[in-house]
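One letter stands for each residue in the lines below.
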Amino acid sequence: MPSVAPSPAGVRAALAGCRVFLTGATGFLGEAVLERLLVDLPATRVVLLVRGKDGFAAAQRVEQLLAKPAFTTLRERIGPDGAPELLRERIDVLDGDLTHWPALPGDLDVVVHCAGEVSFDPAIDDGFATNALGVERLLHAVASSGSRPHVVHVSTAYVNGMVKGSVAEGRLPHQVDWRVEADAATRRRRAVEDASRGAAQLASFLGQAREDHAREGPQVVSSAAERGRRAWVEEQLVAAGRERAQSLGFTDCYTFTKAMGERVVEELAGDLPVTVVRPSIIESALEKPYPGWIEGYKMADPIILAYGRGVLPDFPGVPDGVVDIVPVDLVVSAILTAAAHPPEPGGRRYLHLCTGARNPLTLAALHGSVREHFRRHPLQVRDRGTIAVQAWTFPGSAHLERRLRAGERLVDVADSVLGALPRSDRVRSAALALDRSRAQLEFLRRYLDLFGVYAAAEVVYLDDGVAELEALLPDDERDLFGFDPRRIDWQHYLSEVHIPSITGLIRTITASPRGPRDRVDPDLSLEADSEHHSSVAPRDQDRIVAVFDMDGTLLPSNVVESYLRLRLAGLALPDRAREIGLAARQFPGWVLTERKDRGTFLREIYRQYAGASLEELDALVDDEVGPDMLARLSPAALRQVRRHRAAGHRTVLITGAILALTRPLAPLFDDVAAAELEVDREGRATGRLSCPPPVGEARPAWLRHYAALHDLDLTASYAYADSASDLPLLRAVGRPVAVNPDVTTLRAARAARWPVKEWRTSGRPLSRAT
């Protein structure tokens, strides 16, 4: 690396002609470092470690990166087509990541290591794999290359652990062996994986999956059980990371593994010069690349947004405690200045890139600025209007924990009640409101658990070394590379720069037309559907099928009701009363069976047809039941079927009802799949089915076979259905639509962003069950 004068030396002069190796360039901080290297240090070459992803090679990902807003100034300089030339002349891209390292060049002058796990609660082995073992692999790759660079390692101020008072820059005092901890973290995953496969645990996963998904079929149940097992493994490993970190005095797994990463650098860097930079909470840019620039939401942002949306009426914390926020461009300036001024070979330097020591922002002051901003510029929330923010009282964590638990219990009780109610518009609206309340409680729980300790911190990170480093800058570079935190006007930064940048997207979304996730459409044309799904060329229309469920979708009916209509037709009043009484006694058992297995439930119902003549059933449907069915058919459903037929699509009716009951609707469809009663030689029903009924997972299996026979494209096809047992069918097509959904199906539709329809009829309201 070119020599650096002991007197004040410029960053540009010191790094001119250098090769800087940068990791984490696709992350928030790494992107900001790359932008400054390319814009402000034109004589510096850059080597990037980037992983190919989603079919894009590493170099292609870098071209995409250079097209982002952060690089607007760069593009103005090099022209709209200058990226390929820039990649040839100044940027070398190496395809790899922290677990798969390519060979590094042998002439690196500076390594800036920004890559790392930034989640506060990763699984313990994942945290170590990135933040500690990733550093180990980096240093082995550097050593193998023959380069002798200055290593600038990005850590965090919070590696100092759960401390109070003033903390000086320097080596961490703990005696934790990073190798022992990394090995234990790796073994922990193996142990948890083994535990997850124990008989008791597997029975628990399977039991929960059956409770949630029994109506959808055994394969859905088994898939849900396996998802539950994997989620349990991750939960256990996250808990293990948190518990081990706190047992050693760290706030969470993130700070614990970053502290171990520092030990890796100290031990393995040998006689290379090392600078460890420890930023606090990095937020949007003060000035560069432009005021308010940010990628995604950072640590403080979800809390600020939740407060503005009225979701966070209070928060625990110490009002006069320091919330150490630092704009990203000040961090980048400090990193580049440090890179230009290495310590002696073998030297270790530690820098707190923080604001609390020289320009403290208290929690009370932060809240005051945020509250004032939202009072002047309130957020608009759909269905709630303008949000009036409240003043925080900063209650103790114990008080907020009690309130949170009470809210969680109330939501659980309400959810159980909703699950037992007949489906209706009111129930669906209540379910959506309950889901919003649950999401708010989950948000509060997560942020109370993860970030409450940061809000309650009573620590100041001293930055004497940072002040000394900045003093090395010549006067003509202080504006460009200066990082004195006293230049920040907190009121202006928060109200005019940061908060507008993180609320801009929300305000835009709120002002835009309602999206499919939040809309319950009374009717939805094929054209409207195409706005939310892949387009279909006109010549492919004959390869599209539209599949319609019958009971609960086209008709406000169910299997029990249809059975009773057939059974009661032509009976005298006393006989009708007897049949209704018999069905009423059996109904609770039927409901319980239906919740466990819809196929078994249908077989129990269809046993009641034993001895019935199929010819007489057909006549009953044609003469007495059919006209009533057509009168109750949803006009919106009828219009939708006709639209599909007019578009040239095949139409299919699929139902668990017996085939006779489909006769009134059959002319609307090209094909019908229904339950078929087994008959004896005299044409009378035996009480059994001739084949398994098309319900649950049997529906997509039937549809895939049907599609293969008729050369249909299911990814461009439609399905309309209403209940949880229909979810496998809805997931089998590219254009699923939930119609008059029960609570389970409504939630699945919202999660998958499916359109939701309400098809009303002049008949009686839909009943719950069946």
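What counts, and where the lines are drawn
Residues numbered from 1 in each chain as written. Predicted model: local features only at pLDDT ≥ 70, side-chain atom pairs only at ≥ 80, totals over all residues. Heavy atoms only, no water. Helix = DSSP H or I, 4+ residues; strand = E, 2+ residues; numbered from the N terminus. Contact = heavy atoms within 4.5 Å. Areas by Shrake-Rupley, 256 points an atom, 1.4 Å probe, with all protein chains shown as cover. pLDDT = per-residue confidence, 0-100. Salt bridge = Lys/Arg side-chain N within 4 Å of Asp/Glu carboxyl O. Phe/Tyr/Trp six-rings, centres within 6.5 Å; stacked < 30°, edge-to-face > 60°. Axes fitted to C-alpha atoms, helices over the stretch in contact; angles between N-to-C directions. Parallel < 35°, antiparallel > 145°, perpendicular 65-115°, else oblique. Buried < 20%, exposed > 50% of the residue type's maximum accessible area, 1.4 Å probe, protein only. Pairing = 2+ DSSP bridges. Patch = residues over 30% accessible without salt bridge, like charges linked within 9 Å, V, L, I, M, F, W, Y side chains within 5 Å. Polar contact = N/O pair within 3.5 Å; in protein donor to acceptor, adjacent residues only side chain to side chain. Core = buried A, V, L, I, M, F, W, Y, C linked by side-chain atoms within 4.5 Å. Expected span 1.5 Å × (residues − 1).

A. How the structure looks around the overall build of the protein chain. For the protein chain, the count of helices and strands is 28 helices and 22 strands. Intrachain contacts of the protein chain at a sequence separation of at least 6 include 78% that bridge at least 24 residues. Carbon and sulfur atoms provide 53% of the accessible area of the protein chain, an area that totals close to 33,200 Å².

B. Region of interest: the confidence of the model for the protein chain. Chain-level pLDDT for the protein chain is 86 on average; 87% of the residues reach the 70-or-more range. Counting interchain partners and residues more than four positions distant, the pLDDT-below-50 stretch residues 763–770 has 28 contacts.

C. The arrangement of the pattern of salt bridges in detail. Scanning all chains against the criterion turns up 41 salt bridges. Asp125 is the partner of Arg189 in a salt bridge, and the nearest nitrogen-oxygen pair spans 2.3 Å. Residue Arg189 is located in helix α8 (residues 178–196), and its partner Asp125 is located in helix α6 (residues 124–131); the two are separated by 64 residues in the primary sequence. Arg189 is the partner of Asp126 in a salt bridge, and the nearest nitrogen-oxygen pair spans 4.0 Å. Of the two residues, Asp126 is situated in helix α6 and Arg189 in helix α8; the sequence distance between them amounts to 63 residues.

D. Looking closely at the packing of aromatic side chains. Within the structure shown, the criterion is met by 17 aromatic pairs. Three or more aromatic residues joined by ring pairs form one cluster here, namely Phe548, Phe669, Tyr718, Tyr720 and Trp759.

E. Focus on the packing of α6 against helix α7 (residues 133–145). Running from N to C, α6 and α7 cross one another at 20°; their axes reach a closest spacing of 3 Å. The angle between α6 and α7 falls in the class roughly parallel. Of the residues in α7, those touching α6 at Phe128, Ala129, Thr130 and Asn131 are Leu133, Gly134, Val135 and Arg137.

F. Region of the structure containing the pairing of strand β10 (residues 348–353). The buried fraction of β10 is high, at five of six residues. Summarising the sheet, strand β7 (residues 274–279) and β10 pair through six bridges and their orientation is parallel. Bridge pairing links Arg278 to His352 in β10.

G. Examining unusual backbone geometry more closely. Cis rather than trans, the peptide bond between Lys288 and Pro289 has omega equal to 0°. Mapped onto the fold, Pro289 is located in the loop between β8 (281–283) and α12 (301–308). Its identity is not glycine, yet Asp54 carries a phi of approximately 55°, on the positive side. A positive phi angle, close to 55°, is found at Asp711, a residue other than glycine. Within the element layout of this structure, Asp711 appears in the loop between α26 (698–710) and β20 (718–721).

H. Representation of the sheet that holds β7 within the structure. A sheet is described by the order of its strands in space; here seven strands give the open sequence β3-β2-β1-β4-β5-β7-β10, paired in parallel fashion. Unpaired on one side and paired on the other, β3 (91–95) and β10 mark the two borders of the sheet. For this sheet, the mean angle separating the axes of adjacent strands, direction not counted, is 15°. Where strand β4 (residues 110–113) meets strand β5 (residues 150–154), four bridges bridge the pair, whose relative direction is parallel.

I. Inspection of a nonpolar patch on the surface at higher detail. Together, Val413, Val417 and Leu421 line one region of the surface with nonpolar side chains, adding up to about 240 Å² of accessible area. The topology assignment puts Leu421 in the loop between α15 (397–420) and α16 (425–455).

J. Expanded view of the side chain of His213. Among the structural elements, His213 can be located in helix α9 (residues 199–213). Engagement of the side chain of His213 in a polar contact is seen with the side chain of Glu216, the distance being 2.8 Å.

K. Summary view of the side chain of His341. Turning to its location among the elements, His341 is positioned in the loop between α13 (328–340) and β10. One polar contact links the side chain of His341 to the main-chain carbonyl oxygen of Thr337, over a distance of 2.8 Å.

L. Region of the structure containing α12. The buried fraction of α12 amounts to eight of the eight residues, a majority that puts the element mostly inside the structure. Those residues of α12 that fall on the buried side of the exposure criterion are Asp301, Pro302, Ile303, Ile304, Leu305, Ala306, Tyr307 and Gly308. Just past α12, the residue Gly310 takes up positive phi, approximately 80°.

M. Layout of the nonpolar core. The biggest cluster of nonpolar side chains holds 101 residues, and the ones touching the most others in it are Leu29 and Ile335. Counting residues per element, this core draws most heavily on α13, at 10 residues. For Leu29, the residues in contact, after removing those within four places along its chain, are Cys114, Val154, Ile282, Val328, Val331, Val332 and Ile335. Counting 50 residues, the second-largest nonpolar core is a separate cluster that includes Leu139, Ala141, Val151 and Val176.

N. Fine view of the pairing of strand β15 (residues 545–549). Within β15, five of the five residues are buried, which leaves it mostly tucked inside the rest of the structure. The side-chain alternation of β15 yields two buried faces, one formed by Val545, Val547 and Asp549 and the other by Ala546 and Phe548. Bridge count for β15 against strand β16 (residues 650–658) is five bridges, and the pairing is parallel. Each bridged residue has a counterpart across the sheet, and for Ala546 the counterpart in β16 is Thr651. By the bridge criterion, three bridges tie β15 to β20 in an arrangement that is parallel. Note that in β20 the partner of Phe548 across the bridge is Tyr720.

O. Region of the structure containing the environment of Glu676. Turning to its location among the elements, Glu676 is positioned in the loop between β17 (671–675) and β18 (677–679). Leave out the neighbours within four places in its chain, and Glu676 touches Leu659, Leu689, Ser690 and Cys691.

P. View of α7. Under the 1.5 Å per step criterion, the end-to-end length of α7 is 18 Å for 13 residues, consistent within 8% with the ideal 18 Å. Restricting attention to buried positions, one finds in α7 the residues Leu133, Gly134, Val135, Glu136, Leu138, Leu139, Ala141, Val142 and Ser145. In the core, the buried residues of α7 are packed alongside β1 (19–23), β4, α6, β5, α8 and α11 (253–268). Following α7 by one or two positions, Gly146 adopts a phi angle in the positive range, close to 90°.

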